[in-house]
Amino acid sequence: MQQSSNLPEQNSQIDGTSKLLHTIQQRRDNFWLQNSLNHLQSRLNDCLLAANMMQSTGTEAEIYQTVVNELEKALNGRWVAIAQFPADEIVGKICYVSSSSSLRTPIIEIISQPGTKLDLRLNATIRLEDLQQMEKQKPGSAWRLVDDDNGMMAWLIIATSKSNVNGVSIKPSLTPLRSQFIKRTIQHCHTALTQLKQMQFWQERCKQLANYNQELERTNQLKNQFLANTSHEIRTLLSSIIGFTHLLLAQGYEPDRQRHQEYLHIIQSSGKHLLDLINDILDLSKIEANELEIQWEIIDVPSLCSNVLALVKEKAANKGLKLRLEINDDVTTLLADSLRLKQMLLNLLFNAVKFTNSGSVGLRVATQDSSLRFTVWDTGIGISKEYQSLLFRPYSQIMNPGSRNNEGTGLGLVVTQQLAQIHGGSLELESEVNKGSAFTIILPLKPTGKVLEAIEVKAEKDLELSQVTSNSSASQFSSHIPISASREILLVEDDFANSELIRIYLSILSYQVTCVKNAQEMWMTLPQIQPAVILMDVNLPDSNGLSLVEQLRKHPQYQHIPIIAQTAMAMKGDKETCLAAGVDDYISKPIDLQVLGSMVAKYCQGFNNGQLIIDN
């Protein structure tokens, strides 16, 4: 009786012990789960840290390999692999297996398809359909791991007990945690890959910014060099202009004295060179802003080339160089902008003369295939390979060992190359040190593509502008502008030097010029004279010149007077803006006096031949 009375107490003790053991086992299992995940996360963090420190691009593979190795350790040696499938492909390849699994020959059987066995060695092929079946079976042996932005799909494969070649199976107590562990492993892997992509994005962005900063630094250095060179050259030219002008003022100008004529030639030459510097800078700005206008026309190529060489003749003669012009017989005309083609050829010819100390400089023009080739060659110092790539960078200059100063802005070749490209062509260079150089402008004989589109668009705009101007003239005032026999000119100009220059020049042409400095003086003077032409500056101290033009066009007494805008506005669209305001003609500063004389003569009867010829 005594023994039977102790059975409930013993059973109670056994139950308590069993519960305690079960609790301990649960804690061990949870510890296993958390410890395995922590270890996996630690290894993934090591991969990311290595990627950050070394800026490695192959760390995605390291993450996949880490996942495979850590899963094998945590699952007691189970065979683990990752298969990858390219975008839209149904057959993939085993790309990652654990280090110990790589020594085995694993064969896995799909439970839902008896007899279907898969070879899962490294680099073995595998079908997407088989993985989908493995995903559905209980327990599952395949999981979709990740789909990346490029469409590459990755699958995680863990062999079941039938395929475990070592005969080691996971502890029964861990079976409920197996799916949770794998699920969270996949989450960790996905998070690590996302962080890696973000890290690689910012690394690439940092590289781009670093390269951009280097380029900015290089450009800043070139800019400083350009400013120094340009400042030196502008100061040199201004020194000549101011200095020789001072001599003329101090000595009293005598036109018959040869020395004074030489002073004037130096002043004129320095002024033109100064204008060329400014034009180079403006041209590059227009090209970079896509605002350079091309005036398409049919050019007489032999005539243009002869004129260009005539402009270089004096500089070449001063250095004892021979100038040569070779034009093939089949070269006749070309559709291009004559002003810009002259500019390109002059840039190359002046450079050739500058870097040639003896021998010859020449221009050779020939057709080849569907292009016209303008080759400017010389027997000068040549250009080494290392410097040739610098030639077409803005503001870059190559030092001329034969000259004490390196005149120019370093923009000539850049502008020439881009002008050739705007024409649908290109610029080529062949050079050898101490044997000379040959620059070739290649222009298409017939415009195509974007060039043809540009010509058509410009033609349409010109037609629209002419129609608008014609309609405006017909509606606001008479469509016929009367030609006046008067020689009275009204000049509205606030700058005294420009005003005096125009007044003196037109006075020599027998015009009576009345000068006013602002709008108020203009309105006070108009009733006292009957001007044949009004020369209007656009920027005035008390008014906008174009507003004055619009007011004059509305005034019955003055609306028929021809108005010529003479202004420093020389950018794209400025001419059209002036014409739209109602002016009849437009000329930009610095004023070409002969062109101005011709414009004024158009509106003054009997003065068509009245112009002063200035020796260029």
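Parameters and conventions
Residues numbered from 1 in each chain as written. Predicted model: local features only at pLDDT ≥ 70, side-chain atom pairs only at ≥ 80, totals over all residues. Heavy atoms only, no water. Helix = DSSP H or I, 4+ residues; strand = E, 2+ residues; numbered from the N terminus. Buried < 20%, exposed > 50% of the residue type's maximum accessible area, 1.4 Å probe, protein only. Contact = heavy atoms within 4.5 Å. Areas by Shrake-Rupley, 256 points an atom, 1.4 Å probe, with all protein chains shown as cover. Arc of directions from axis to C-beta. Polar contact = N/O pair within 3.5 Å; in protein donor to acceptor, adjacent residues only side chain to side chain. Patch = residues over 30% accessible without salt bridge, like charges linked within 9 Å, V, L, I, M, F, W, Y side chains within 5 Å. Salt bridge = Lys/Arg side-chain N within 4 Å of Asp/Glu carboxyl O. Pairing = 2+ DSSP bridges. Axes fitted to C-alpha atoms, helices over the stretch in contact; angles between N-to-C directions. Phe/Tyr/Trp six-rings, centres within 6.5 Å; stacked < 30°, edge-to-face > 60°. 1 Å grid on protein atoms, 1.4 Å probe; cavity = no way out; pocket = protein on both sides within 12 Å on 5 of 7 lines; lining within 4 Å. Points joined across faces, edges and corners; volume = space filled by probe spheres on them. Nonpolar A, V, L, I, M, F, W, Y, C, P; charged D, E, K, R; others polar. Parallel < 35°, antiparallel > 145°, perpendicular 65-115°, else oblique. Core = buried A, V, L, I, M, F, W, Y, C linked by side-chain atoms within 4.5 Å.

**As for the overall build of the chain**
In step 1: Helix and strand content of the chain: 15 helices and 19 strands.
In step 2: Going through the 616 residues of the chain one by one, you find that 40% of them count as buried.
In step 3: When contacts within the chain are restricted to residue pairs at least 6 apart in sequence, those whose partners lie at least 24 apart make up 67%.
In step 4: Of the accessible surface of the chain, which amounts to about 34400 Å², a share of 52% is contributed by carbon and sulfur atoms.

**Some remarks on helix α13 (residues 545-554)**
In step 1: G545, L546, L548, V549, L552 and R553 are the residues of α13 that are buried. Along α13, the residues classed as buried sweep out an arc of 155 degrees about the axis, all on the same side.
In step 2: You can read the cap of α13 off the contacts: a side-chain oxygen lies 2.7 Å from the backbone nitrogen of L546, and it is on N544.

**Examining a nonpolar patch on the surface**
In step 1: Side chains of L20, L21 and I24 sit close together on the surface and give an oily, nonpolar patch of about 270 Å² of accessible area.
In step 2: The topology assignment puts L21 in helix α1 (residues 7-54).
In step 3: When its relative accessible area of 53% is taken as the criterion, L21 is described as exposed.

**Considerations on the sheet that holds strand β19 (residues 585-588)**
In step 1: Spatially, β16-β15-β17-β18-β19 is the arrangement adopted by the 5 strands of the open sheet, whose pairing is parallel. Looking at strand neighbours, the two that pair on one side only are β16 (512-516) and β19, the edges of this open sheet. When the angles between neighbouring strand axes are averaged without regard to direction, this sheet yields 20 degrees.
In step 2: In the sheet, strand β15 (residues 488-492) pairs with β16 via 5 bridges, with the strands oriented parallel. From the neighbouring strand, L490 faces β16, where its bridge partner is T514.
In step 3: Against the sheet, helix α15 (residues 593-602) engages β15, β17 (533-536), β18 (563-567) and β19, with an angle of about 165 degrees to β19.

**Section: the packing of aromatic side chains**
In step 1: What the rule picks out here adds up to 5 aromatic pairs.
In step 2: With 5.3 Å between their ring centres and 45 degrees between their planes, Y64 and Y96 make a pair best called tilted. With Y64 in helix α2 (residues 59-74) and Y96 in strand β2 (residues 91-97), this residue pair connects regions lying 32 residues apart in the sequence. Side by side, Y64 and Y96 carry an identical accessibility label, which is buried.
In step 3: Taking the centre distance of 5.0 Å and the plane angle of 75 degrees together, the rings of F201 and W202 count as edge-to-face. In this pair, the class of F201 matches that of W202, namely exposed.

**Some remarks on helix α3 (residues 128-136)**
Owing to its 3.6 residues per turn, the α-helix brings residues three or four apart onto one side.
In step 1: Residues L128, D130, L131 and M134 constitute the buried set of α3. Buried residues of α3, seen end-on, are gathered within an arc of 160 degrees and therefore sit on one face of the element.

**Regarding empty space enclosed by the protein**
In step 1: Across all of its chains, the model carries 2 cavities of 30 Å³ or more by this definition.
In step 2: Volume-wise, the largest cavity comes out at about 50 Å³.
In step 3: Together, 10 residues line the largest cavity, and W296, L334, L335, H423 and P444 are the ones closest to its centre.
In step 4: Elements represented by at least two residues in the lining of the largest cavity include exactly β10 (333-336) and β14 (436-444).
In step 5: The element that contributes the greatest number of residues to the lining of the largest cavity is β10, accounting for 3 residues.
In step 6: Each residue belonging to the lining of the largest cavity can be placed in one class, and the counts come to 8 nonpolar, 1 polar and 1 charged.

**Focus on the packing of α13 against helix α14 (residues 574-581)**
In step 1: One can describe the packing of α13 onto α14 by two numbers: an axis separation of 9 Å at closest approach and a directional angle of 25 degrees. Put simply, α13 runs roughly parallel to α14. Of the residues in α14, those touching α13 at L546, V549 and E550 are T577, C578 and A581.
In step 2: Here the contact of α13 with α14 is composed, by residue class, of 4 nonpolar, 1 polar and 1 charged.

**Remarks on the sheet that holds strand β9 (residues 322-327)**
In step 1: Strand order across the open sheet formed by 5 strands is β9-β11-β12-β14-β13, with mixed pairing between neighbours. Of all strands in the sheet, those with a lone pairing partner are β9 and β13 (426-432), marking the two edges. Across this sheet, the average inter-strand angle for adjacent strands is 15 degrees, counted without regard to direction.
In step 2: Strand direction decides the pairing type here: strand β12 (residues 371-378) and β14, joined by 7 bridges, are antiparallel.

**Re the side chain of S437**
In step 1: Turning to its location among the elements, S437 is positioned in strand β14.
In step 2: By relative accessible area, S437 is classed as buried at 6%.
In step 3: Within the structure, S437 has its side chain in polar contact with the side chain of S431 (distance 2.7 Å).

**Digging into the pattern of salt bridges**
In step 1: Counted according to the given criterion, the structure contains 12 salt bridges.
In step 2: A salt bridge links E70 to R43, with the shortest nitrogen-to-oxygen separation between them at 3.9 Å. Of this pair, E70 sits in helix α2 while R43 sits in helix α1; the two residues are 27 residues apart in sequence, bridging distant segments of the chain.
In step 3: Given the relative accessible area of 30%, R43 is considered partly exposed.
In step 4: Overlapping salt bridges, with partners in common, bring together R43, D46, E70 and K73 in one network.

**Quick look at the nonpolar core**
In step 1: Core analysis: the largest hydrophobic core is formed by 45 residues, its most contacted members being L341, L345, F374 and I441.
In step 2: Per-element tally for this core: the top contributor is helix α7 (residues 338-354), with 8 residues.
In step 3: Non-local contacts of L345, meaning those with residues more than four positions away in its chain, are made with L304, C305, V308, L363, F374, V376 and I441.

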